[in-house]
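Descriptive structure summary
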Amino acid sequence: MKFGSVATRNAEGAILAHTIRLEDGALKKGQRLSAADVDRLSTAGIDAIVAASLETGDCHEDRAAERLARAADGGGLTLEPPFTGRVNFLAAGNGVLVIDEAAVDAANRVDPALTLATLPAFARVTRGRMVATAKVIPFAVGEDAVARAEAAARRAVRVAPFRARKVGLVATLLPHLKPSVMDKTRRITEARLDVSGSTLVAEHRVAHEMEAVASALTKLLHGGAEMLLVFGASAIVDRGDVIPAAIEHAGGTVAHFGMPVDPGNLLLVGEIDGVPVIGAPGCARSPSENGFDWVLDRLMADLPVTEADITGLGVGGLLMEIGSRPQPREGKRERNGPRDRTREIAGLLLAAGRSSRAEGANKLLARLGGKPLVRIAAENALESGLSRVVVVTGHMQGEIRDALAGLDVDIVHNPDFAEGMGGSIRTGMRALPESAEAVTILLADMPGIDATAIDRLIRAYRPEAGRAIIAATHEGTRGNPVLFDRLFFASLARLEGDTGARRLIVENAGLVAEVEIGAVARHDLDTRAALVAAGADLDDEAPSGA
């Protein structure tokens, strides 16, 4: 390939190195110049350009990227069409990303012009998520180099699909463990299983004794369970403890106890009659990422989990301080205009709170202009460019449902609403459509957030340009709502407490764009005084609709 300055009159067939803007439109970088293009440049008085000219033995960047991507495709993937020397790999379904790291390294060492980048090996991925990209840096690369990279990268990237199965749960009892904690553990476990399409077919709560646990495991196996999970009221601290002893008493074996992942150290893996058994560490009662997730995901994708696999998790196994990490940029997407639903940006309307600052009133049922606040917020969301609106209820769920009667929204209930906003976001994330590209989190006590304000956030959303979080502001101070790209979905689905998603915004400051929407970004009707000042009707009669 020849690269450099070329006389315009001799540039037909050359590849333009830099975008040139003309009065009648731009000629873009990477464009192969036609005779008509050369005439336009000459008419504009441009005598020379910087361009690349392919020679015998050269492979165009798009073709080279496509060949490398096809060679690396090991299955479970969808390859996007080549664009500017790039081909993105998308997960064809939910599963675990499997990488032949030696093959990826070998392909990247053939020629600096050819690159292959992936997410971390064994990452959990959902359908449509970008998992790898093949990128050719110059406009062309030698055919010989492409052929060698193809051979090196052979089937280096694949998604092992999850296989839905029936799961049995054993939970042991001790006096200190509240039933509410066990109920929450079951709900969180069911949510973990959702991504693989698996179901919790039965739960046995038994005494924290070896024979009781062994008997429960046997009953679950006879009932058709294809995987067994055991949550002890007391953590496993030794291979001779209650749970490993119960597995062996039931005729099984303990493959490994302990793992170099924190949280998740006290995890146990075993099997009974070929059915995998996981002794869950205490941290698995939380939705936050921990070592339990790593092992569960691999087993759900029919990937082996050996002693060597577990002991090899130490590098990167310190999860205590990990926030959401940005993923490689996604392919070109069309921008979304006001009320243009060609992009799937969902809305998550939080309406679960107890209105503790409203002095006895449920602020979301207070009426402005004859309508409950929660209904006003939902109608505003429906009038915007959001593709779908999910409402999360909690306190007084029946009355909130009545207030939303007739609206085209999905309603889900958060039984843990008393824990705070994190649980409501977590509940809502599980209800989003799989095809959602982003989510806008809205608060139901902010009736001033109208469709126009929401659409401003949607228009500003450009993840390919580094704008993956869009925060509403007033005079430079952040407020609500906030839009998050799907690369943050896993982190949003694991939130706890009452701080919402503020930590994600702080930890990913480089991906945040701010949009001024006025005072409404900071104006919630959270107190009785604020409701009265806004002219809200606070009588006790809950309205049933618009």
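This one's a predicted model, so the numbers in the text were calculated from it and none came from an experiment. (Residues numbered from 1 in each chain as written. Predicted model: local features only at pLDDT ≥ 70, side-chain atom pairs only at ≥ 80, totals over all residues. Heavy atoms only, no water.)

**Quick notes on the packing of aromatic side chains**
Scanning the entire structure with this criterion turns up two aromatic pairs. Considering the side-chain rings of Phe484 and Phe488, the 6.2 Å spacing of their centres and the 70 degrees angle between planes classify their relative orientation as edge-to-face. Like Phe484, the residue Phe488 is buried in the burial classification. In this arrangement the basic side chain of Arg298 is found over the ring face of Phe122, its NZ or CZ atom lying 3.6 Å from the centre. (Phe/Tyr/Trp six-rings, centres within 6.5 Å; stacked < 30°, edge-to-face > 60°. Buried < 20%, exposed > 50% of the residue type's maximum accessible area, 1.4 Å probe, protein only. Lys NZ or Arg CZ within 6 Å of the ring centre and 35° of its normal.)

**Describing the sheet that holds strand E21 (residues 345–351)**
Strand order in the open sheet made by the seven strands is E25-E24-E21-E26-E28-E27-E29, with mixed pairing throughout. The open sheet has two edge strands with one neighbour each: strand E25 (410–413) and strand E29 (512–516). On average, each strand axis in the sheet is tilted by 25 degrees relative to the strand beside it, whichever way the strands run. In this structure, strand E24 (residues 388–393) lies alongside E25, joined through four bridges in parallel fashion. (Pairing = 2+ DSSP bridges. Helix = DSSP H or I, 4+ residues; strand = E, 2+ residues; numbered from the N terminus. Axes fitted to C-alpha atoms, helices over the stretch in contact; angles between N-to-C directions.)

**Quick look at the pairing of strand E12 (residues 130–136)**
Counting buried residues along E12, seven of its seven residues qualify, which places the element largely inside the surrounding structure. Two strands pair when backbone bridges link them, and strand E8 (residues 86–91) and E12 are joined in this way by five bridges, in the antiparallel orientation. Of the residues in E12, the one forming a bridge with Asn88 is Thr133. Pairing geometry for strand E10 (residues 114–118) and E12, over five bridges, is antiparallel. Directly across from Leu114, in E12, lies its bridge partner Val136.

**Regarding the environment of Arg462**
Locating Arg462 in the fold gives a position in the loop between helix H13 (451–460) and strand E27 (469–474). The exposure class of Arg462 is partly exposed, given its relative accessible area of 28%. Counting along the chain gives 436 residues from Arg462 to Ala26, while the straight-line C-alpha distance between them is 22 Å.

**Brief notes about empty space enclosed by the protein**
Applying the stated rule across the entire model yields three cavities of 30 Å³ or more. Looking at the largest cavity, its volume works out to about 70 Å³. Lining the largest cavity we find Arg187, Ile188, Ala191, Asn414, Pro415, Asp416, Arg426, Thr427 and Arg430. Going through the elements one at a time, helix H5 (179–194) and helix H12 (421–430) are the ones with two or more residues in the lining of the largest cavity. Here the residues of the lining of the largest cavity sort into three nonpolar, two polar and four charged. A volume near 50 Å³ is recorded for the second largest cavity. Surrounding the second largest cavity, Leu349, Ala377, Ala381, Leu442, Leu443, Met446, Ile449 and Ile454 form its lining. Elements that contribute at least two residues to the lining of the second largest cavity include exactly helix H10 (373–383) and strand E26 (438–443). Classifying every residue of the lining of the second largest cavity gives eight nonpolar, no polar and no charged. (1 Å grid on protein atoms, 1.4 Å probe; cavity = no way out; pocket = protein on both sides within 12 Å on 5 of 7 lines; lining within 4 Å. Points joined across faces, edges and corners; volume = space filled by probe spheres on them. Nonpolar A, V, L, I, M, F, W, Y, C, P; charged D, E, K, R; others polar.)

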